[in-house]
Amino acid sequence: MTIKEQMAKMMVAAARGNDLILGRALGPRPSYFIIGDEPMTRDVVVGQPFSGPLGEVLTSAINTLQEKYGIESEDVYVTYLIKCRYASGSLTEKIVTDEWLPIAQTEYYLSGCSNVVAIGRVSRLFAGHISQRPSFIEPYQPTLVERVRQAWNLIRS
């Protein structure tokens, strides 16, 4: 799928009334590509990925990584595999693989990152479709904030 076709897919999603939440680099040359499943309601309100309580957990985790490994927040690119919210039950694996996976792959390659941290069940698809062997975390906790907190605890250990 060409970049033009990928952009057209995102335009269709936006035309359906979905707010697109695009990834963002926290610095000029990120090397860690952190990808989650899909935006939460707070992300849509703010217009940025990993906002609200989830963003606070992510910031805390990056601070810990800075202390332990020298990783700065400027080294991070954050995004979601799926760029908009879907009504409960309407998101199928076919939609993910046909529409969103190629977009996330292009986003990864354009970001210039060399490391991937996939957080969540759906982002596992992404981790299996890129040419590098990424870091991969799939925590199983009841809430998203708790899952991210556990993921970062695994990285720290």
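Our structure is the block above this text.
The rules we used
- Think of each chain on its own: its residues are numbered from 1, step by step along the sequence as written.
- Residue-level local features of this predicted model are given only where pLDDT is at least 70; pairs of side-chain atoms are given and counted only at 80 or more, and the full residue set underlies all totals for whole chains, interfaces and linings.
- Based on all heavy atoms of the structure, the side-chain values leave hydrogens and waters out of the count.
- In this description a helix means any DSSP run of H or I spanning at least four residues, a strand means any run of E spanning at least two, and both kinds are numbered starting from the N terminus.
- For a helix, the expected span equals 1.5 Å multiplied by the residue count minus one.
- Any residue under 20% of the maximum accessible area for its type is buried, any over 50% is exposed, and the rest in between are partly exposed; the area is computed with a 1.4 Å probe on protein chains only.
- Points on a 1 Å grid over protein atoms alone make up a cavity when a 1.4 Å probe fits among them but cannot get out, and a pocket when they form an open set with protein on both sides within 12 Å along at least five of seven lines; lining residues each have an atom within 4 Å of a point.
- Grid points are joined across faces, edges and corners, and a volume is the space filled by probe spheres set on the points.
- Three classes are used, and their members are as follows: Ala, Val, Leu, Ile, Met, Phe, Trp, Tyr, Cys and Pro are nonpolar, Asp, Glu, Lys and Arg are charged, and the others, Gly among them, are polar.
- By convention, a stacked pair of Phe, Tyr or Trp rings (six-membered ring in the case of Trp) has centres within 6.5 Å and planes under 30 degrees apart, an edge-to-face pair has planes over 60 apart, and any other such pair is tilted.
- Values of bend correspond, residue by residue, to the angle between axes fitted over the seven residues ending at that residue and the seven starting there.
- We call two residues in contact whenever any of their non-hydrogen atoms come within 4.5 Å of each other.

Caption draft 1: Spotlight on helix H3 (residues 52-69). With 18 residues, H3 should cover 26 Å at 1.5 Å per step; its first-to-last C-alpha distance of 25 Å lies within 8% of that length. Here H3 has its buried residues at Leu54, Gly55, Val57, Leu58, Ala61, Ile62, Thr64 and Leu65.

Caption draft 2: Seen up close, the layout of surface pockets. In this structure, the second largest pocket spans a volume of roughly 200 Å³. Every residue lining the second largest pocket is counted, 13 residues in all, and those nearest its centre are Met10, Ile103, Thr106, Glu107 and Leu110. Of all the secondary-structure elements, those providing two or more residues to the lining of the second largest pocket are helix H1 (3-15) and helix H4 (93-111). Of the residues belonging to the lining of the second largest pocket, the class tally is seven nonpolar, four polar and two charged.

Caption draft 3: Representation of the packing of aromatic side chains. One pass over the structure, following the stated rule, counts four aromatic pairs. A centroid spacing of 5.3 Å and a plane angle of 10° characterise the contact between Phe33 and Tyr77, whose relative ring orientation is stacked. Of this pair, Phe33 sits in strand S2 (residues 32-36) while Tyr77 sits in strand S3 (residues 76-80), placing them 44 residues apart in sequence. The pair Phe33 / Tyr77 is uniform in exposure class, with both members buried.

Caption draft 4: Just H4, in detail. For H4, the principal kink sits at Trp100 and spans about 45°; a proline, Pro102, occurs within the next four residues. Where H4 is concerned, the buried positions are Val96, Glu99, Trp100, Leu101, Pro102, Ile103, Ala104, Gln105, Thr106, Glu107, Tyr108 and Ser111. Just past H4, the residue Gly112 takes up positive phi, approximately 80°.

Caption draft 5: Local environment of the environment of Gln48. For Gln48, the position within the fold is in the loop between helix H2 (41-46) and H3. Classification of Gln48 by relative accessible area gives partly exposed; the value is 33%. On a C-alpha basis, the gap between Gln48 and Ile21 in space is 5.9 Å, while along the polypeptide they are 27 residues apart. Not counting the four nearest positions on each side in its chain, Gln48 is found in contact with Ile21, Arg24 and Asp43.

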